[in-house]
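Coordinate inspection notes
Each chain is listed here by its residues.
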Amino acid sequence: AQEKKIFMVQGPYPIIRRLLRARGWVERKAPSTGRQLEQHCGDQSRQRLHTAPGSGGARQREEEEQCDEDPHGIHDLMSYLARDQLPNFIWTNFLETIDRQLLRDDSVLNHYARVDAFTTKEGLCLSLQNLPWIEQADPNAFFPRCYRLGTRDDREAFIEDFRLTAARSLLKLALEEAGDRPVRTEQVPNSDNGEGESHISQPKHSTAQPGSPLYPELVEEALEVCKQHLGVLQHEDIDRNTPSPCRTCIDWDNFLQQYYRVAHEGAGLVLTRQQRKQCQNLLQSLAEKLPQLDMEGKLNVWILKPGAESQGRGIICMTRLEEMLQLAWSCTAPSVQVGRWVVQKYVERLLTIFGTKFDIRQWFVVTDWKPLTVWFYQDCYLRFCSRPFSLHHLERARHLCNVSVQKWYKTSPDQDPRVPPDKIWSNKQFQEYLAQVGQGDAWHKVLVPGMKAAILNALRSARDRVRFRKGNFELYGADFVVGENLQPWLLEINSCPTMSPSSAVTRQLCANVQRDTLCLVLDRKDNPTCPIGAFELIYKE
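Residues numbered from 1 in each chain as written. Predicted model: local features only at pLDDT ≥ 70, side-chain atom pairs only at ≥ 80, totals over all residues. Heavy atoms only, no water.

Reading across the sheet, the 4 strands line up as β2-β1-β3-β4 and stay open at both edges, with parallel pairing between neighbours. The strands lining the two open edges of the sheet, one partner per strand, are β2 (26–27) and β4 (108–109). Sheet topology note: the strand β3 (residues 89–92)/β4 ladder contains 2 bridges and is parallel. Paired with Ile-90 across the bridge in β4 is Leu-109. Helix-sheet contacts for helix α1 (residues 14–22) involve β1 (6–10), β2 and β3, and the interaxial angle to β1 is about 170°. Sheet strands in contact with helix α17 (residues 504–526) are β3 and β4, and its direction is about 170° off that of β3. (Pairing = 2+ DSSP bridges. Helix = DSSP H or I, 4+ residues; strand = E, 2+ residues; numbered from the N terminus. Contact = heavy atoms within 4.5 Å. Axes fitted to C-alpha atoms, helices over the stretch in contact; angles between N-to-C directions.)

This is how it looks when you write it as structure tokens:
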């Protein structure tokens, strides 16, 4: 105890326990819950293995995730002798589980308080809305537009955004074919995936046949709305009282119903050559003002998320304004507090691999908030979906990459066989793939700088709301998707990212990041030049 080497672990972290014991540290069991937590660790591991279909390497994973054995009882004896000592180092999955009486003045803890300002969907949405007031940075350049539906101002802003996006999308659809011929969008086949998953919903009231041309004023209305919006964007710094283009005389309910028919039912559009040129010029001008014009696509897909949930719980993709607003205020999701939904623009123009959506889990550590000190982990991993990507079918298996979601789905027969069976790639494998498709420099020149910038902007936007304690640290997991142009888009940041391996890749990487984190926050205190593995200091004020 005099050497300050007493530690406590709460939660299923056998690697942390093993590494600390190897350093000569002695574990103090958590009061009254130590044994239950160890048992919980084993139960959790076995439950994952039992319930997750298609889990390869189950026996090896179970052995690695089981809590450490102590065949000679040495560690148990040392723990018994340290039972009255306050721990110098605590690693827990939840800050709330720690009894404050266990903390010494110099205890090191792996969490900060009030990080929900950027680790919940609702908190990150609010913090990044305030970013332009704090930093000279535009969140629209790296974070898909996001609104809190429980707040009136945000809800009204979302409704306006949805309408404007529909108008822009109509212009894009109109340009798909040139000349005076009717432009047709893809006719979505009626199909049943057999699992009760929702596809893009069809409008409840439509009297015209799906393929019949729509009234010619539809394109004119979209052009007029977009012209007015461009005028607002060009003069917003001069006159902030400029009326919204969504408050024009257009019948928005009717416009959206007609847009749904064009976007989702294959209805035709009549477009003149003059209108074609107007559409091209207008979209080009809007692209200079709207960083997300390209990635937002043309089907106006949005993703609804419970504001404080994780692991993909309650998330749904939708395309109809009225249905989104209804869902957000209904009781269809009893686990979600009414009004606590966020809605975010779906990145429609995604980079896919073998026709399949993926995202990136990227780790980083904050070791101080004053001055803000951030370490970026140079290894990460990709998570694939179980079914081919399609914007005409919005079930979770195609669009939510979370391991906790995908483990319930078997790989579909139409999935490209080159997609890894365990649906995980390392960043090294991704870099090899990029080189094969002629984008070998993209990882170091576009993706990594983009992820670093997004993480730093998110932290800066929230730092005044975080309650920090000197000596603490926290490991986070940021999730990104990649646009067609290889730009990374930040989706969310997770505190307490999972360290439970789901594949050979994550078994190695999760072990490595835990080892390197201990080197960073413990060994470096005594030896500032000691190796810290794959961590890289990317920011210190």
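Among the structural elements, Lys-345 can be located in strand β10 (residues 341–345). Within the local environment of Lys-345, its side chain forms a polar contact with the side chain of Glu-348, the two groups lying 2.9 Å apart. (Polar contact = N/O pair within 3.5 Å; in protein donor to acceptor, adjacent residues only side chain to side chain.)

Grouped together as the largest cluster of nonpolar side chains are 81 residues, with contacts concentrated most on Phe-89, Phe-118, Ile-360, Phe-430 and Leu-490. The element best represented in this core is helix α16 (residues 442–462), accounting for 11 residues. The two domains that each donate at least three residues to this core are domain 1 (1–29 + 70–109) and domain 2 (116–143 + 349–540). Discounting residues that sit within four places of it in the chain, Leu-490 has contacts with Leu-124, Phe-142, Phe-143, Pro-144, Gln-344, Ala-454, Ala-458, Ala-478, Asp-479 and Phe-480. Judged by nonpolar contacts, the second largest core, of 63 residues, contains Leu-170, Phe-255, Leu-286 and Ile-303. (Core = buried A, V, L, I, M, F, W, Y, C linked by side-chain atoms within 4.5 Å. Buried < 20%, exposed > 50% of the residue type's maximum accessible area, 1.4 Å probe, protein only. Domains from an automatic or database assignment.)

Before going further, it helps to examine the pattern of salt bridges. Per the counting criterion, the structure on display carries 28 salt bridges. Notably, a salt bridge pairs Asp-359 with Arg-383, separated by 2.8 Å at the nearest N-O pair. One end of the pair, Asp-359, is in strand β11 (residues 358–369); the other, Arg-383, is in strand β13 (residues 381–384), and 24 residues separate them in sequence. Each member of the pair, Asp-359 as well as Arg-383, is classed as buried. Taking the shortest distance from any N to any O, the salt bridge between Glu-536 and Lys-452 comes out at 3.0 Å. One end of the pair, Glu-536, is in strand β17 (residues 535–540); the other, Lys-452, is in helix α16, and 84 residues separate them in sequence. With a relative accessible area of 26%, Glu-536 lands in the partly exposed category. Residue Lys-452 is classed as buried on the basis of its relative accessible area, which comes to 18%. Look at the salt bridges and you will find they share partners, linking Arg-145, Asp-161, Arg-168, Lys-172 and Glu-296 into a network. (Salt bridge = Lys/Arg side-chain N within 4 Å of Asp/Glu carboxyl O.)

With that settled, the discussion passes to the environment of Arg-467. With respect to the secondary-structure elements, Arg-467 resides in the loop between α16 and β15 (474–482). Judged by its relative accessible area of 47%, Arg-467 is partly exposed. For the pair Arg-467 and Arg-114, spaced 353 residues apart in sequence, the C-alpha separation works out to 5.8 Å. Those residues in contact with Arg-467, other than ones at most four positions away along the chain, are Tyr-112, Ala-113 and Arg-114.

Apart from glycine, the bulk of residues carry a negative phi angle, and the bulk of peptide bonds sit in the trans form. Following Lys-370, the chain continues into Pro-371 via a peptide bond in cis, with omega recorded as 5°. Of note, Pro-371 is situated in the loop between β11 and β12 (372–377). In this model, Arg-114 sits at a positive phi of 60°, which is unusual for a non-glycine residue. Take Arg-114: it is sitting in the loop between β4 and α5 (116–119). Positive phi, normally seen in glycine, also occurs at Phe-354, with a value near 55°. By the secondary structure assignment, Phe-354 is in the loop between β10 and β11. The exposure class assigned to Phe-354 is buried, which follows from its relative accessible area of 19%.

Note on placement: Ser-390 falls in the loop between β13 and α13 (396–399). Classification of Ser-390 by relative accessible area gives buried; the value is 15%. Among the polar contacts listed, one links the side chain of Ser-390 to the backbone nitrogen of His-392, at a separation of 3.1 Å. Beyond its immediate chain neighbours, meaning those up to four positions away, Ser-390 contacts Arg-398 and His-399.

One open sheet holds the 4 strands; their spatial order is β5-β10-β8-β9, and the pairing between them is antiparallel. Among the strands making up the open sheet, the edge pair consists of β5 (146–148) and β9 (316–318). Strand after strand, the sheet turns through a mean of 25° between neighbouring axes, direction not considered. As paired elements, strand β8 (residues 302–306) and β9 share 3 bridges and run antiparallel to each other. Bridging from a neighbouring strand, Ile-303 pairs with Cys-317 of β9. Helix α6 (residues 121–129) contacts β5, β8 and β10 of the sheet and is inclined by roughly 115° relative to β5. Lying over the sheet, helix α12 (residues 321–328) contacts β8, β9 and β10, oriented at roughly 145° with respect to β9.

Here we take up the packing of α1 against α17. One way to put it is that α1 packs onto α17 with a least axis distance of 10 Å and a crossing angle of 45°. In terms of axis orientation, α1 runs oblique to α17. Like other packed secondary-structure pairs, α1 and α17 cross with a definite hand, here right-handed. Of the residues in α17, those in contact with Ile-15, Ile-16, Leu-19 and Leu-20 of α1 are Ala-511, Gln-514, Arg-515, Leu-518 and Leu-522. (Parallel < 35°, antiparallel > 145°, perpendicular 65-115°, else oblique. Left-handed = near helix turned anticlockwise from the far one by under 90°.)

The share of residues in the protein with pLDDT of 70 or more is 78%, and the mean pLDDT across the chain is 83. Low pLDDT, under 50, characterises residues 33–68; the stretch is placed with 48 contacts to residues that sit more than four places away or in other chains. Confidence over residues 331–336 falls short of pLDDT 50; this stretch has 5 contacts with residues more than four positions distant or in other chains. (pLDDT = per-residue confidence, 0-100.)

For α16, which comprises 21 residues, the first-to-last C-alpha distance of 29 Å matches the rise-based estimate of 30 Å (1.5 Å per residue) to within 8%. In terms of burial, α16 is largely enclosed, as 15 of its 21 residues are buried. (Expected span 1.5 Å × (residues − 1).)

A word on the packing of aromatic side chains. Applying the stated criterion across every chain yields a total of 24 aromatic pairs. Summarising the aromatic geometry, the rings of Trp-91 and Phe-473 are spaced 5.8 Å apart at their centres and angled 55° between planes, so their arrangement reads as tilted. Taken as a pair, Trp-91 in strand β3 and Phe-473 in the loop between α16 and β15 lie far apart in primary sequence, 382 residues in all. On the basis of relative accessibility, which here comes to 3%, the residue Trp-91 falls in the buried class. Ring plane angle 45° and centroid distance 6.3 Å describe the contact between Tyr-147 and Trp-302, whose orientation is recorded as tilted. With Tyr-147 in strand β5 and Trp-302 in strand β8, this residue pair connects regions lying 155 residues apart in the sequence. By the burial criterion, Tyr-147 is buried, and Trp-302 matches it. Each residue in the set Phe-354, Phe-358, Phe-384, Trp-425, Phe-430, Tyr-433 and Trp-443 is aromatic and connected to the rest through ring pairs, giving one cluster. Just above the ring of Tyr-260 sits the side chain of Arg-320; from NZ or CZ to the centre is 4.5 Å. One Lys or Arg, Lys-452, reaches over the ring of Phe-376 and ends 5.4 Å from the middle of that ring. (Phe/Tyr/Trp six-rings, centres within 6.5 Å; stacked < 30°, edge-to-face > 60°. Lys NZ or Arg CZ within 6 Å of the ring centre and 35° of its normal.)

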